[in-house]
Amino acid sequence: MPTIDVVIELTYEECLAHYEGRIANLRARSLDGRWVIFPAEAIRRVVERQGVHGVYRLNFSEQGRFISITLLTRR
C-alpha cells in the first residue's frame, strides 16, 4: 500500500469548512516536497479542539484512492 507523509497545519476554524463539506479536498506538502491532494473528510478522524497540527501518514490503495490517515508527530 503506497504511503506519503505530509505536514498539516489547520486551525479549528479552517477544519470546520472542511468538516461541513464546503471544501472537498485538502492540499498539503509532503516531507519530500511534493504537493498532495486528498479528501477533506480524512481530517474528520484526526481533528482536535486546536485543529490539525502535525505530520501525518496518508495511506492509499494501489489505484491511488485514499484509505487512512495516521498521526506520526504532533507539532
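For the structure, see preceding data.
To start, this report covers the structure provided alongside it. This structure is a prediction, so every number in the text was calculated from the model and none was measured.

This paragraph deals with the environment of Val52. Of note, Val52 is situated in strand β4 (residues 52-60). Judged by its relative accessible area of 0%, Val52 is buried. Not counting the four nearest positions on each side in its chain, Val52 is found in contact with Ile8, Glu9, Leu10, Cys15, Ile43, Val46 and Val47.

One full turn of an α-helix is made of 3.6 residues, so residues set three or four places apart face in the same direction. Taken together, the buried positions of helix α1 (residues 12-19) are Cys15, Ala17 and His18. Projected onto a plane normal to the axis of α1, the buried residues spread over an arc of 155 degrees and lie on a single side. Where α1 is buried, its residues touch β1 (3-10), β2 (25-30) and β4. Gly21 sits one or two positions beyond α1 and adopts a positive phi of about 85 degrees.

In this structure, His18 sits in helix α1. His18 gets classed as buried once you look at its relative accessible area, which sits at 8%. With residues up to four places along the chain from it excluded, the contact list for His18 reads Leu10, Ile23, Asn25, Leu26, Ala40, Ile43 and Arg44.

Rules used in this analysis
- Residues numbered from 1 in each chain as written.
- Predicted model: local features only at pLDDT ≥ 70, side-chain atom pairs only at ≥ 80, totals over all residues.
- Heavy atoms only, no water.
- Helix = DSSP H or I, 4+ residues; strand = E, 2+ residues; numbered from the N terminus.
- Buried < 20%, exposed > 50% of the residue type's maximum accessible area, 1.4 Å probe, protein only.
- Contact = heavy atoms within 4.5 Å.
- Arc of directions from axis to C-beta.

On their own, these measurements won't tell you what the molecule is for.
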